Amino acid sequence: MRLLVVSILHLYICAHTVLWAQIQTVPVYKDHEIPVEERITDLLSEMTLEEKVWQLTQYTLGINNNENNIEKTVQEVPAEIGSLIYFEMGPELRNRVQHQAIENSRLGIPILFGCDVIHGFRTIYPIPLGQACSWNPELVEKACAVAAQEAKMSGVDWTFSPMIDVARDGRWGRVAEGYGEDPLTNAVFGVASVRGYQGNSLSDKNKIAACLKHYIGYGASEGGRDYVYTEVSRQTMWDTYIPPYEAGIKAGAATVMSAFNNINGIPATVNKYTLVEVLKKRWKHLGFVVSDWDAVGQLVNQGVAESRKEAARMAFTAGVEMNMRDNCYRDYLPELVKEGKISLNQIDDAVRRVLRIKFELGLFEHPYTPTVTEDKRYLLPESKLVAMKLAEESIVLLKNKKNMLPLFKQKKIALIGPVAKNKGCLLGSWSAHGKSSDVTSIYEALMLEFENKIQLMYAFGCDFEGEDVLSFTEALNIAKQADIILLCLGEKQRWSGENASRSTIALPRIQEQLALELKKVGKPIVLILSNGRPLDLSRLEPLSDAILEIWQPGINGAQALAGILSGRINPSGKLSITFPYSVGQIPIYYNRRKAARWDQGFYMDITSEPLFPFGYGLSYTEFKYGAIIPSATTVKRGEKLLIEVCVTNTGKCDGAETVHWFISDPYCSVTRPVKELKYFEKQFIRVGETKTYRFEVDLERDLGFVDETGKRFLETGEYYILVGDQQVKVELVD
Ligand code: BGC
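Residues numbered from 1 in each chain as written. Predicted model: local features only at pLDDT ≥ 70, side-chain atom pairs only at ≥ 80, totals over all residues. Heavy atoms only, no water.

(A) A look at the site of the ligand. Close contacts around the ligand come from Asp 116, Phe 160, Arg 174, Lys 213, His 214, Met 257, Phe 260, Asp 292, Trp 293, Met 324, Trp 430 and Glu 498, and that covers them all. Arg 174 places a side-chain nitrogen or oxygen 2.7 Å from an oxygen atom of the ligand. One nitrogen or oxygen atom from the side chain of His 214 is found 2.7 Å from an oxygen atom belonging to the ligand. Taken together, the residues of the shell around the ligand break down into six nonpolar, one polar and five charged. (Near = heavy atom within 4 Å. Polar contact = N/O pair within 3.5 Å; in protein donor to acceptor, adjacent residues only side chain to side chain. Nonpolar A, V, L, I, M, F, W, Y, C, P; charged D, E, K, R; others polar.)

(B) Structural detail: the packing of aromatic side chains. Tallied over the entire structure, the rule returns 28 aromatic pairs. When the ring of Trp 135 is compared with that of Phe 189, the centres are 6.3 Å apart and the planes differ by 65°; the resulting orientation is edge-to-face. Separated by 54 residues along the polypeptide, Trp 135 in the loop between helix H6 (128-133) and helix H7 (137-152) and Phe 189 in helix H8 (residues 183-198) bring together distant segments of the chain. The exposure class assigned to Trp 135 is buried, which follows from its relative accessible area of 2%. Between Phe 612 and Tyr 616, the aromatic rings sit 5.3 Å apart at their centres with planes inclined by 25°, giving stacked as the arrangement. When its relative accessible area of 27% is taken as the criterion, Tyr 616 is described as partly exposed. Put simply, the rings of Trp 135, Tyr 179, Phe 189, Tyr 590, Phe 614, Phe 662 and Phe 680 pair up and form one aromatic cluster. Above the plane of the ring of Trp 495 lies Arg 502, whose end atom (NZ or CZ) is 4.2 Å from the centre. It is Lys 675 that lies over the ring of Phe 662; its NZ or CZ is 4.0 Å from the centre. (Phe/Tyr/Trp six-rings, centres within 6.5 Å; stacked < 30°, edge-to-face > 60°. Helix = DSSP H or I, 4+ residues; strand = E, 2+ residues; numbered from the N terminus. Buried < 20%, exposed > 50% of the residue type's maximum accessible area, 1.4 Å probe, protein only. Lys NZ or Arg CZ within 6 Å of the ring centre and 35° of its normal.)

(C) Seen up close, the sheet that holds strand S23 (residues 676-685). Strand order across the open sheet formed by five strands is S20-S28-S27-S22-S23, with mixed pairing between neighbours. Each edge of the sheet is formed by a strand with only one pairing partner; in this case those strands are strand S20 (634-636) and S23. Neighbour-to-neighbour, the strand axes of the sheet open up by a mean angle of 25°, direction not taken into account. As judged from the nine bridges shared by strand S22 (residues 655-664) and S23, these two strands associate in the antiparallel manner. Within S23, the position partnered with His 660 by the bridge is Phe 680. (Pairing = 2+ DSSP bridges. Axes fitted to C-alpha atoms, helices over the stretch in contact; angles between N-to-C directions.)

(D) Seen up close, H7. Given a rise of 1.5 Å per residue, 16 residues ought to cover 22 Å, and the 22 Å separating the end C-alpha atoms of H7 matches this to within 8%. Most of H7 is tucked away: twelve of the 16 residues are buried. Listing the buried residues of H7 in full gives Pro 137, Leu 139, Val 140, Ala 143, Cys 144, Val 146, Ala 147, Ala 148, Gln 149, Glu 150, Ala 151 and Lys 152. Here the buried face of H7 lies against H6, H8, helix H14 (374-377), helix H15 (381-394) and S23. (Expected span 1.5 Å × (residues − 1). Contact = heavy atoms within 4.5 Å.)

(E) The arrangement of unusual backbone geometry in detail. The step from Ser 161 to Pro 162 runs through a cis peptide bond, and the omega angle for that step is 10°. Along the chain, Pro 162 falls in the loop between strand S4 (158-159) and H8. The omega angle of the peptide bond from Leu 405 to Pro 406 is -5°, so this bond is cis rather than trans. Positioned with a positive phi, Lys 284 is a non-glycine residue whose angle comes to about 55°. Residue position: Lys 284 is located in the loop between helix H10 (272-282) and strand S10 (288-290). The residue Asn 452 is not glycine, and still its phi comes out positive at about 65°.

Shown next, in the form of structure tokens:
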């Protein structure tokens, strides 16, 4: 009996000791009540050099449908890895790999899972170039919030988006991925995306970390070729390429991706000026920089590093903390530290940045993704509505001769062209886990929209490219029977996006030829275009009575188009990028610097004007602008200036109108563009109603300029505020 009492007592003491020991051994870095920086310091103090370097390393994971080798796939991922690009659509694989990281690594540091969620995860909405044509950043924020929710519930913590590279060359396939040619537009929509993805806090439910890319000047690719040299003067860097990044960093973007391009001789991946001086020192960014795909190893190809080891040293010391995929850091950083070429402090700073984002995302507390059925994860009805609304607002009516649209009277429609039944091209490039089966085709959408109201005849017409004219005959036959032709032309799904440069931005000849043959039938032609870049429409435009640019509008884009064709929706999109008259005009953009003679320069063979300028887009109604009224015509530094313009809907249907506010500074110590967008606002105006648009001018921000060091100046003198074809002069005095 005594023995039993002693044993029970013994057990009791042991259990308590174990419990006490457990309490004692919960490390500081695992205690969520302790401030993040202290947790990081504690964790760093526990880590070996190799473990630190793993945190700076990113592999890929996924696209493995074979159950038999999933275990192998999981085991191939080192438990200590910092990050993975996650190609899977569900959380299962993530959780298995994450379990391995938490349970089999010495310190149990969670992995950060990244993915290219560019314009939706499964609910695909319009490409960014189209999104910007909506001039509705609130809607873009909502769309990005949908993308974040779907991605997060599928095992993704981090998106490589937004792309905010100002892009002015339609030959460059990546124009599709950004918000067009203007710095402010990229800044505003970039900020909207960051807000949509990240919300108020990275640890909030269904939020993911954003990544501003590609830092910097990638859009200046020579000749529109991808991955090549870029010549970006410091002045242009500061006044054109940097503003969207500065805005994105201010909005709290967690990470940045360095670009592939070589900037003026120093590749972006090793550019200490942009990465250290500007991003880390001036802007004090506390998140981390990830290299682009294999970009560290590619420094050897670019001719700046002699070996992968040297590439690792250069990229790391230039401020790229995480190495995407090519393993230069994994293979050489430990050695470089031992050789004294990189200090431990530098390693610690880089690891601290990566860990900071992991802590802020709450990954240490919630490393796993709850498994939720697909119907609760994707394509929720309210998410599809956001995608639909964004598509409606992104579509741009470029031409509407004799108010051909909407379709009122026509009873027989001939729907023709390679885009009419194609679903992939509506999804567009970088469509993550979007599926063709989620997409409504133009044909299907028109059948639904006009059910029992019209007779819809369909013919393929021709393929996107090639020389086969066999299907022309059927197309011509239905065109003859119809009241109107809806001709759906454009680009294949992957004709834009990464590594999708084209030497011409006209559609392939076969498509133009089809249009030419159809024109001979003598019926009105409505040209419907789906593409990821501005097009050369110099031959197609004269053949068309109306033109609708629908971009790559996502899963519900065709319904949006159908609504516009029927008149249920009044189009309100305006171009975020100039459509040149022909490819020879490139680069052509609205905010060019002034010329010595001839405003746009002069071509002997073609017009110097673009076919459709930046900001162009028609409506089914008419908007009449009142005079621009400034609160003062003379202002002093520090004073406020308010400018108003009234817009009346004088047409026959309700509609939304975007007012673009530009400024122009005729004389300045650094020559300035002919005009610069400073603010925009979109309002819905009912028939007969008048709405007031207000631009609160911040003199420093809106009239000032930066020099080639990024320093801001505001010079006295005259300025013009421009809206539409009106302008008002304001004088700044001392
Ligand atoms: C692209 C990036 C992308 C990355 C990861 C690169 O090739 O340039 O935009 O985020 O791949 O997929």
